[in-house]
Amino acid sequence: MNCEERTHYCGELNKKNLNQEVVLLGWVRRQRDLGSLIFVDLRDRSGIVQLVFSEEKNPKEYAVAKRLRSEYVIGIKGKVLSRGEKDKNPYISTGEIEVLVSQIEIFSESETPPFPIEDDAIINEELKLEYRYLDLRRPVQSQRIQQRHKLLQIVREHLSKEGFLEIETPFLTRSTPEGARDFLVPSRLRAGNFYALPQSPQLFKQLCMVAGFDKYFQVVRCFRDEDLRADRQPEFTQIDIEMSFPTENAVMTMAEKLLENIFKEFSFEATFPVPKISYKEAMEKYGTDKPDLRFALELKTLNDLVKDCNFGVFRSALENGESIRGIAVPPGYPISRKEHSNLEEIVKPFGAKGVIIISRADGKPVGSLVKHLGEDLANSILNFLDVKDGGSALIVAAPYSISCASLSALRLYFGKALKLCESSKNSLLWVHRFPAFEWSMEESRWVSCHHPFTMIREEDIPFLEQEPGRIEALAYDIVLNGSEIGGGSIRIHREELQRKIFKALGFTEEEALQKFGFLLKAFKFGVPPHGGIAFGLDRLAMILMGCESIRDVIPFPKTTSGLCLMTSSPSEVDERQLKELKLKIDKEKN
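All figures in this text were calculated on a predicted structure; none of them were measured in a lab. (Residues numbered from 1 in each chain as written. Predicted model: local features only at pLDDT ≥ 70, side-chain atom pairs only at ≥ 80, totals over all residues. Heavy atoms only, no water.)

Caption draft 1: A look at the overall build of the protein. Counting secondary structure elements, the protein contains 16 helices and 22 strands. Over its C-alpha atoms, taken along the principal directions, the protein stretches across nearly 95 × 75 × 55 Å. By the burial criterion, 47% of the 590 residues in the protein qualify as buried. Residue pairs in contact within the protein that sit at least 24 positions apart in sequence constitute 67% of those at least 6 positions apart. When the accessible surface of the protein is split by element, carbon and sulfur atoms take 49% of a total near 30,700 Å². Taking the average location of the 81 positive side-chain charges in the protein and that of its 87 negative ones, the two points are 1 Å from each other. (Helix = DSSP H or I, 4+ residues; strand = E, 2+ residues; numbered from the N terminus. Buried < 20%, exposed > 50% of the residue type's maximum accessible area, 1.4 Å probe, protein only. Contact = heavy atoms within 4.5 Å. Areas by Shrake-Rupley, 256 points an atom, 1.4 Å probe, with all protein chains shown as cover. Lys, Arg positive; Asp, Glu negative; His and termini not counted. Charge placed at Lys NZ, Arg CZ, Asp CG, Glu CD.)

Caption draft 2: Quick look at the nonpolar core. Ranked by size, the top nonpolar core spans 75 residues in total, and within it Ile-241, Ile-262, Phe-263 and Phe-535 carry the most contacts. Considering every element that reaches this core, the biggest residue donor is helix H6 (residues 248-265), with eight residues. Phe-263 has contacts with Phe-268, Ala-270, Phe-272, Leu-428, Leu-480, Leu-540 and Leu-544, leaving out every residue within four places of it along the chain. (Core = buried A, V, L, I, M, F, W, Y, C linked by side-chain atoms within 4.5 Å.)

Caption draft 3: Quick look at the pairing of strand E16 (residues 392-398). Judged by how many residues are buried, E16 sits mostly within the fold: seven of seven residues are covered. Sheet topology note: the strand E13 (residues 323-329)/E16 ladder contains seven bridges and is antiparallel. Directly across from Ile-324, in E16, lies its bridge partner Ala-397. Across four bridges, strand E14 (residues 356-361) lies against E16 in antiparallel orientation. Each residue of the ladder has a partner; that of Ile-358, found in E16, is Ala-393. (Pairing = 2+ DSSP bridges.)

Caption draft 4: Fine view of the packing of aromatic side chains. Following the criterion strictly, the structure yields 15 aromatic pairs and no others. Aromatic pair Phe-507 and Phe-516: ring centres 6.2 Å apart, planes at 70°, arrangement edge-to-face. Take Phe-507: its relative accessible area is 11%, and that puts it in the buried class. Members of the aromatic cluster, connected to one another through ring pairs, are Phe-453, Phe-502, Phe-507 and Phe-516. In this arrangement the basic side chain of Lys-150 is found over the ring face of Phe-266, its NZ or CZ atom lying 4.7 Å from the centre. Over the ring of Phe-384 we find Lys-300; its NZ or CZ atom is 5.5 Å from the centre of that ring. (Phe/Tyr/Trp six-rings, centres within 6.5 Å; stacked < 30°, edge-to-face > 60°. Lys NZ or Arg CZ within 6 Å of the ring centre and 35° of its normal.)

Caption draft 5: Main features of the environment of Ala-211. Among the structural elements, Ala-211 can be located in the loop between helix H5 (202-210) and strand E9 (215-223). The class for Ala-211 is exposed, based on a relative accessible area of 53%. When the C-alpha atoms of Ala-211 and Gly-47 are compared, they prove to be 47 Å apart, with 164 residues separating the residues in sequence.

Caption draft 6: Here's a closer look at the pairing of strand E10 (residues 235-244). The buried fraction of E10 is high, at nine of 10 residues. Direction of pairing for E9 relative to E10: antiparallel, over a ladder of nine bridges. Pairing of Val-219 across the sheet is with Ile-239, part of E10. Here E10 runs beside strand E22 (residues 530-536); their pairing, made up of seven bridges, is antiparallel. Across the sheet, the residue bridging to Ser-244 is His-530, located in E22.

Caption draft 7: Quick peek at the sheet that holds E14. If you trace the five strands from one edge of the open sheet to the other, you get E12-E13-E16-E14-E15, paired in antiparallel fashion. Here the strands that pair on one side only, and so sit at the sheet edges, are strand E12 (300-301) and strand E15 (364-366). Pairing of E14 with E15 involves three bridges; the strand directions are antiparallel. Opposite Ala-361, over in E15, you have Lys-364 as the bridge partner.

As C-alpha cells, this is what we get:
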C-alpha cells in the first residue's frame, strides 16, 4: 500500500459510501478479538470508523489484525458495509457503517502510551505537556486545534475582503524600554549587542502606515517575558490590525464586523452593536476595566452616607482620604464565620485588611457591626446597596484602587458561586477613555497606561507638562465575559507631540533618539493619522471553545512557569556557543 492512496478520512464515511472501496490511514484506537472476527477502531483527525477483519474471508489480513495494539499506525483497503440494526453506534458519525478489510499494512508499532488516548481520561497536567503530541491525538484536543485553524481562516478571509493587506514584520528587532520585559537574543556578528523578540509589531505597523499601506493586518507571534497564568503564555498569537485615517468609532466598527463574522461561524451568540462605557464608569461600578456584565452586583461608594459615623474603621478611612465601598450579595447565600474568613483571604492579596459584612434577615440588619453603627445607619447602608431580605452587604474600606480590586474579586467570586452568568447571554463591552499616564511609585515617574505611542485627546495636550494624570488617551479595549480579548488606540502621528510624550515619560532627548530615532525620523516625511487594534487569538479561541486555559487551544504550550516539558526548555547551551557569542554565564548563587 501507499500513503498517497488515501481516499477518505475516517470520520467522513457514512451510508452514502456503502459498497465503495476505500483506503484509510490512521491510528488504532482499540482492537477487539471476537474469535472469527476482529473489530478495530481506526482514528484520524476527522474521527473514528470501525474496521472488520474476517478470518473466513481474509485470513491473511485477519492474522495481521491479531498483532494490532493501541496507537499502531496502519493503512487499510476495504469495502464500506452497513452495520446491523442492533450494532449501530449513535454516538459517532460513522456509527451506521463499518469497513470490511481486504488489505492492511502496519506502518509503525507503538509502545503502550503513558495515558489513554481518550477524551474522558483523567491525566496529570505535566504528563500531558510532556507527551503533548499524544495529548493532541485525543479527539477533543484534535478538534480544538482544527477549530483554531478555522478561526484563523475566518480572520484572514474577512480582513482580506475588507481591503486589508497581510504584511509580515520582523521577529528580530531592538529592545524597547516600556512595557513588559523583552526576550533578548544575542548577536554573534555584533558581539555585545542584542536583538529583542517583539512584544507586538507596534512600531512596524505604524511604519506600514507611513509607507502608505493604509490597511494592514498580521496574524503574528509575540513574546513577553512576564509572569504567567491560565490565560497568559510567554509566546502568544495576536490578530494585529492597523488603519490610516480612522476615528475611534471607525476602528470599533471594523472590529465589531470581524467579531460578528467569527461568532456567526462558531454559533456563538452575542449582541451587536457593542455598548461602550468609560474607564471611570467601569472602575466605579465594577472595580475593573474588564467587567463581566452577564450579572449585575454593582459597586457603590458609601463615603457620603457614613461621613458622620463614629465607627473607627470608617472614620479612619475617611480621615485618610480612602474609599468605603460595597456590593450586595443576593439572598440564598448565608455567610458563615468560615465563609467570612474565606472572603477576607480573597481580598488580602489586593491590600485590603478585611471585609465588613451586614446581613438582612426578617427585614432587619443583623451582624456584629450593627451595634457599632446603630440600626438606622445599618438599615440605610442596606437600602443604599439594595440588599434584599436574606442577602448581605460586603464592604471594604481602603484606598480607592485597593477597594476596586478587592470588591471586583468578590463580585466575580459570587458571580461564579451563585452561577449568575450561566443563564445569561454572552456580554461584549467596549471600555474607552482610559487615562494616558499613571504614576509609578517604583520608578518615581509617569508611565504610559498603554504605550507611549498612544494619541491623547487634543483638549488634554496643555496638561502634559504639569498634570499628566488628567490626560485621557484615545484608547479602547473590548471585553468578552470579563476577559479582555482585544485592545488598541489611535496613535500619535505628529513628531513634535511624540517628542513631548517622551519628555513627559522622563526620556531625555538623547534617550528618545537612541531608542526611537528611526520612528521620529519617519515622522518627518508625511504621516497619516492612524490607529488600530489587536486581538489575542489564543484567548479568543479559548472562550469560543469553552476552555478553562489557553493551553488547551495552543498546540505546544508552556507551563505556568514558562517551561516546555516536552523539549526540556529553556536549557543550557554548550561553551562553544557561548564563546561564539562572547558571553559568559555567572554561576554564582545570590
